[in-house]
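Reading the structure
The residues making up each chain are set out below.
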Amino acid sequence: MSRALLIIDMQKFVEDRINKGVHFYPSDAISNMTAVLSQFRQEQALVAHVVHQTPDEGSVLHQDSPFYPVLSDFSPTPDEHVFIKRTSSAFASTDLKQYLDEKGISEVVVMGAVAGFCVNSTVRHGSDLGLKMTVVKDAVLSFDLPDAQREEKNIHDVTMKLLEAGFARMVFADDC
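Residues numbered from 1 in each chain as written. Predicted model: local features only at pLDDT ≥ 70, side-chain atom pairs only at ≥ 80, totals over all residues. Heavy atoms only, no water.

The next thing to look at is the overall build of the protein. Per the secondary structure count, the protein includes 5 helices and 7 strands. Traced from its N-terminal end to its C-terminal end, the protein shows the element sequence β-α-β-α-β-β-α-β-α-β-α-β. For the protein, the C-alpha atoms occupy an extent of roughly 45 × 35 × 30 Å along the three principal directions. Out of the 176 residues belonging to the protein, those deemed buried represent 47%. Of the roughly 8,500 Å² of accessible surface on the protein, 48% is carried by carbon and sulfur atoms. (Helix = DSSP H or I, 4+ residues; strand = E, 2+ residues; numbered from the N terminus. Buried < 20%, exposed > 50% of the residue type's maximum accessible area, 1.4 Å probe, protein only. Areas by Shrake-Rupley, 256 points an atom, 1.4 Å probe, with all protein chains shown as cover.)

This is the structure:
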């Protein structure tokens, strides 16, 4: 079984939220992500990146926004494909599934942002398409919701449990 690493939406909006004091969980998610990415690159395994882009000018995720680019720690190498998505699921608005099929990939290891949104949608969709989905649970970011009071851990825990219940295998960064 061939596997690939899929990095979801690790763009500057993540750093901006953290810098603005938005609570996130787990606190070591980004360092765990960089460790997993380094491991996959050392193994010369397939790495693919997903970048969220919205058409609305002024949006944080519009291509002209300073918060749109990929964070420097996750900059793709020349041999790593980048998929630009306009939907929550990376499979819905890209040719990601076709790409994985062409590369002979049957297991997709997922990490990135944000757990309750694009990670959740992508993992469920990938599972529905017949892929073996694996989530690196300590390498997936959850943010507190606006007007919530420190719910980031609850959001993360519930999302991970729901995905584990029928859509994905859960692992920790050290187990990749």
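Its boundaries defined by the atoms lining it, the largest pocket holds a volume of some 400 Å³. What lines the largest pocket is a set of 19 residues, among which Phe13, Arg17, Val114, Phe117 and Phe143 lie closest to the centre. Only α1 (12-19) and α4 (115-128) provide two or more residues apiece to the lining of the largest pocket. Here the lining of the largest pocket takes 3 residues from α1, the largest share from any one element. (1 Å grid on protein atoms, 1.4 Å probe; cavity = no way out; pocket = protein on both sides within 12 Å on 5 of 7 lines; lining within 4 Å. Points joined across faces, edges and corners; volume = space filled by probe spheres on them.)

The next thing to look at is empty space enclosed by the protein. Take a probe with the size of a water molecule and roll it over the atoms, and the empty space left behind shows itself. According to the stated counting rule, one finds 1 cavity of 30 Å³ or more in the structure shown. Quantified by volume, the largest cavity comes out at close to 30 Å³. Taken together, Ile7, Met10, His49, Val50, Val51, Val70 and Phe74 form the lining of the largest cavity. It is strand β3 (residues 46-52) that provides the largest number of residues to the lining of the largest cavity, a total of 3 residues.

On to the pairing of strand β6 (residues 132-143). In terms of burial, β6 is a largely internal element, 10 of the 12 residues being buried. Across 2 bridges, strand β2 (residues 24-25) lies against β6 in antiparallel orientation. What sits directly across from Tyr25, in β6, is Ser142. Pairing geometry for strand β5 (residues 105-113) and β6, over 6 bridges, is parallel. Bridge assignment links Ala113 to a residue of β6, and that residue is Leu141. The handedness of the β5 to β6 crossover, carried by α4, is right-handed. Sheet topology note: the β6/strand β7 (residues 169-171) ladder contains 3 bridges and is parallel. Across the sheet, Val135 pairs through a bridge with Met170, a residue of β7. In this region the chain leaves β6, passes through helix α5 (residues 152-166) and returns to the parallel neighbour β7; the handedness of that crossover is right-handed. (Pairing = 2+ DSSP bridges. Right-handed = clockwise from strand over helix to strand, strands pointing away.)

According to the stated counting rule, one finds 2 aromatic pairs in the structure shown. Here Phe24 and Phe143 contribute two aromatic rings whose centre-to-centre distance is 6.4 Å and whose plane-to-plane angle is 55°, an arrangement assigned as tilted. Placement of Phe24 in strand β2 and of Phe143 in strand β6 is noted, with a sequence separation of 119 residues between them. Between Phe83 and Tyr99 the ring centres are 5.2 Å apart and the planes differ by 70°, which places this aromatic pair in the edge-to-face class. (Phe/Tyr/Trp six-rings, centres within 6.5 Å; stacked < 30°, edge-to-face > 60°.)

So, about the pairing of β3. The buried fraction of β3 is high, at 7 of 7 residues. What you see with β3 is no split at all: Leu46, Ala48, Val50 and His52 on one side and Val47, His49 and Val51 on the other are buried throughout. Of the pairings in the sheet, the one linking strand β1 (residues 2-8) to β3 comprises 5 bridges and is parallel in character. By the bridge assignment for β3, Ile8 is matched with Val50. Note: β3 against strand β4 (residues 81-85), 5 bridges, orientation parallel.

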